[in-house]
Protein chains: 2
Amino acid sequence: MNTAIILAGGVGSRMGVDRPKQYLVVKDKPIIVYCLDIFEKHKNIDNIIIVVSDEWKDYVQENVEKYGITKVKGYAPAGRTRQHSIYNGLLSTEKNTEGTDVVIIHDAARPLVSDKIIDDCLTGAIEDDGAMPVISVKDTIYQSKDGKSIDNLLKRSELFAGQAPESFDFKKYLDIHNSVSDDEIATTAGSSEIAYRHGMKIRLVEGSERNFKITTIEDLETFETIVND
Amino acid sequence: MNTAIILAGGVGSRMGVDRPKQYLVVKDKPIIVYCLDIFEKHKNIDNIIIVVSDEWKDYVQENVEKYGITKVKGYAPAGRTRQHSIYNGLLSTEKNTEGTDVVIIHDAARPLVSDKIIDDCLTGAIEDDGAMPVISVKDTIYQSKDGKSIDNLLKRSELFAGQAPESFDFKKYLDIHNSVSDDEIATTAGSSEIAYRHGMKIRLVEGSERNFKITTIEDLETFETIVND
């Protein structure tokens, strides 16, 4: 059984609009619904858990009903960091689903993920311990401990920018979260980081520029263009 | 004496338009002229050398005259890689300017660099051996030798994306280029990389999101919005 955890807990917006980006309405439909639709229709996804802040929970539930998202098995409260939200989603998965082998964790604000990326992630979580889509890094990246002078050169060909969704062997990933300190969860920058650090083998799969996270007004305009195309 | 080397050698465009991005006309003026204007007006820049492909040289020269860019002391042919173009610019600086202590190398397609970034780079090249503006990295970056599984985690707080302009002690930087193999020049990904590798101390200075390189249609639209503002 594969459970998708959809992260919709963010309450801020860098766009200067009145609501978090995942709830902006494009062509009469909130962005989160575009995302939920993909997992609802994907034949290898069995359950959906939505992580959402209290103030938006009713709104999300109404839309889940309105748009017929039938796989939703539970909700989880937003945490104080993204990784805390993930932990809450894992606990809700444990409580509200049965027999989940793999979790696949996605951002509500990445509404253009492809079925193939989802499948590649699911396969990676079974054959290895987890998987993450990546894209190549365009900038020249330098390493500096103090931010004042270069300490180390990094080969661009060996650098990859992580996207979502990230998939994991559910039991192993939950066990890590149950065993580590709250501080370690708080300082985790990427979902795969904490998994890798604790010995899980994470496969890199091919991401896509199209699978961008809607963060800026330009991103929103790009999404609108694609949807209206 | 400080010499600016402006890189305008690119002949391609990812935008599907008829000319390289640095020659696109925004509000009646080619993008390269916006860039040249900044160095022309900057009180601490003495000379300008322009690296340009043969087919665009007349066009650039006409615009240099038309817009009164008086600091231009010479041109250099485009090389087969960015770093080869830089080397050509260094050789032209040696030949066409006198007493250059510091070179500051900029992309024609970054027309919004601030006077402060230029000054910080010039100071860095004098007090250290060189300087480069950087901005923080937004993505979570993973290291993988084979592109298939994670090999190493990188701390986001220690990663910096390099921008232009990059400034260098002219003599030291030219000497490196005169002494290394053509292959090393060809495989250099960033101008500061080759300097750091050969023992020059490169200072990181604060870059700016506004100092972006015009690469995509969205970048061009952003630039047009700023210029028309």
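Residues numbered from 1 in each chain as written. Chains lettered and ligands numbered in written order. Predicted model: local features only at pLDDT ≥ 70, side-chain atom pairs only at ≥ 80, totals over all residues. Heavy atoms only, no water.

A. Region of the structure containing the packing of helix α3 (residues 82-96) of chain A against helix α5 (residues 170-179) of chain A. Residue and element names in this part refer to chain A. Interaxial distance between α3 and α5 falls to 10 Å at its minimum, and their mutual angle equals 125°. In terms of orientation, α3 lies oblique with respect to α5. For the crossing formed where α3 meets α5, the hand is left-handed. Across the interface between the two elements, Q83, I86, Y87, L90, L91, T93 and E94 of α3 pack against F170, Y173, L174, H177 and N178 of α5. Residues belonging to the contact of α3 with α5 are distributed by class as follows: seven nonpolar, four polar and one charged. (Axes fitted to C-alpha atoms, helices over the stretch in contact; angles between N-to-C directions. Helix = DSSP H or I, 4+ residues; strand = E, 2+ residues; numbered from the N terminus. Parallel < 35°, antiparallel > 145°, perpendicular 65-115°, else oblique. Left-handed = near helix turned anticlockwise from the far one by under 90°. Contact = heavy atoms within 4.5 Å. Nonpolar A, V, L, I, M, F, W, Y, C, P; charged D, E, K, R; others polar.)

B. Main features of a negative patch on the surface. Side chains of E218 and E221 of chain A together with E218 and E221 of chain B sit close together on the surface and give a patch of like negative charge. Along the chain, E221 of chain A falls in helix α8 (residues 217-227). Of the residues examined, E221 of chain A reaches a relative accessible area of 44% and is grouped as partly exposed. (Patch = residues over 30% accessible without salt bridge, like charges linked within 9 Å, V, L, I, M, F, W, Y side chains within 5 Å. Areas by Shrake-Rupley, 256 points an atom, 1.4 Å probe, with all protein chains shown as cover. Salt bridge = Lys/Arg side-chain N within 4 Å of Asp/Glu carboxyl O. Lys, Arg positive; Asp, Glu negative; His and termini not counted. Charge placed at Lys NZ, Arg CZ, Asp CG, Glu CD. Buried < 20%, exposed > 50% of the residue type's maximum accessible area, 1.4 Å probe, protein only.)

C. Structural detail: the pattern of salt bridges. All names here are of chain A. Scanning the model with the defined rule gives 28 salt bridges over all chains in all. A salt bridge links D175 to K171; its shortest N-O distance comes to 2.8 Å. Residue D175 and its partner K171 are both found in helix α5; the two are separated by four residues, about one turn of the helix.

D. Geometry of the relation of the copies chain B and chain A. Relative to chain A, chain B is turned by 180° and slid 0.0 Å along the rotation axis, the superposed coordinates differing by an RMSD of 0.0 Å. Taken together, these values place the two copies in the relation of a two-fold axis. In terms of proximity to the rotation axis, the leading residue of chain B is E218 of chain B, whose C-alpha is 3.8 Å off the axis. Both copies present the same face, since 100% of the interface residues in chain B are matched by interface residues at the equivalent positions in chain A. (Least-squares fit on C-alpha atoms with pLDDT ≥ 70 in both.)

E. Just the interface of chain B and chain A, in detail. On the side of chain A, 38 residues touch chain B, which itself brings 38 residues to the contact. Together, the buried faces of chain B and chain A total about 3,100 Å²; carbon and sulfur atoms form 60% of this surface. The interface formed by chain B and chain A includes two salt bridges. For K145 of chain A, the salt bridge identified is with E158 of chain B, shortest N-O distance 3.8 Å. Of the residues assigned to the side of chain B that touches chain A, the class counts are 14 nonpolar, eleven polar and 13 charged. Sheet topology places strand β8 (residues 141-143) of chain A next to strand β10 (residues 159-162) of chain B; three bridges connect them, and they run antiparallel. Residue Y142 of chain A lies in a different strand from β10 of chain B, and its bridge partner there is F160 of chain B. (Buried area = accessible area lost by both parts, 1.4 Å probe. Pairing = 2+ DSSP bridges.)

F. Geometry of helix α4 (residues 115-127) of chain A. Residue and element names in this part refer to chain A. Its 13 residues give α4 an end-to-end C-alpha distance of 18 Å, which sits within 8% of 18 Å, the value for a rise of 1.5 Å per residue. Turning to α4, its buried residues are I117, I118, C121, L122, G124 and A125. Across the axial projection of α4, the buried residues extend over an arc of 160°, all falling on one side. Of the exposed residues in α4, the ones pointing more than 90 degrees away from its buried face are K116, I126 and E127. (Expected span 1.5 Å × (residues − 1). Arc of directions from axis to C-beta.)

G. Quick look at the packing of aromatic side chains. All names here are of chain B. Applying the stated criterion across every chain yields a total of ten aromatic pairs over all chains. A ring pair is formed by Y23 and Y59, whose centres lie 5.6 Å apart and whose planes are at 80°; its orientation type is edge-to-face. Taken together, the residues span a long stretch of sequence, with Y23 in the loop between β1 (2-8) and β2 (25-26) and Y59 in helix α2 (residues 54-66) at a distance of 36 residues. Aromatic pair Y34 and F223: ring centres 5.1 Å apart, planes at 85°, arrangement edge-to-face. (Phe/Tyr/Trp six-rings, centres within 6.5 Å; stacked < 30°, edge-to-face > 60°.)

H. Representation of helix α8 (residues 217-228) of chain B in the model. Residues and elements named next belong to chain B. Taking 1.5 Å per residue, twelve residues should reach 16 Å; α8 reaches 16 Å between its end C-alpha atoms and fits that length. Residues of α8 that are buried include every one of D219, L220, F223 and V227, and no others. Angularly, the buried residues of α8 cover 100° about the axis, an arc narrow enough to put them on a single face. The inward-facing, buried residues of α8 contact β2 and α1 (31-41).

I. Quick peek at the pairing of strand β5 (residues 72-77) of chain B. All names here are of chain B. Pairing of strand β4 (residues 47-52) with β5 involves five bridges; the strand directions are parallel. For I48, the partnering residue across the bridge sits in β5 and is V72. Viewed along the sheet, the connection from β4 through α2 into β5 turns out right-handed. (Right-handed = clockwise from strand over helix to strand, strands pointing away.)

J. Summary view of unusual backbone geometry. Here the residue pair A164 of chain A and P165 of chain A is connected by a cis peptide bond, since its omega of 0° sits within 30 degrees of zero. Tracing the backbone shows P165 of chain A in the loop between β10 (159-162) and β11 (166-169). With a phi angle near 70°, D28 of chain A is a residue other than glycine that sits in the positive phi range. Looking at where D28 of chain A falls in the secondary structure, it is placed in the loop between β2 (25-26) and β3 (29-30). Positive phi, normally seen in glycine, also occurs at K27 of chain B, with a value near 50°. By secondary structure assignment, the location of K27 of chain B is in the loop between β2 and β3 (29-30).

K. Here's a closer look at the environment of I226 of chain B. All names here are of chain B. Relative to the helices and strands, I226 resides in helix α8. Sequence separation between I226 and L112 is 114 residues, and the spatial gap between their C-alpha atoms is 9.3 Å. Those residues in contact with I226, other than ones at most four positions away along the chain, are L112, R210 and F212.

L. Quick look at the side chain of T100 of chain A. All names here are of chain A. One can find T100 in the loop between α3 and β6 (102-107). On the basis of relative accessibility, which here comes to 11%, the residue T100 falls in the buried class. Looking at T100, its side chain comes within polar contact range of the side chain of T3, at 2.7 Å. For T100, the contacting residues outside a window of four places in its chain are M1, T3, N47, T93 and F170. (Polar contact = N/O pair within 3.5 Å; in protein donor to acceptor, adjacent residues only side chain to side chain.)

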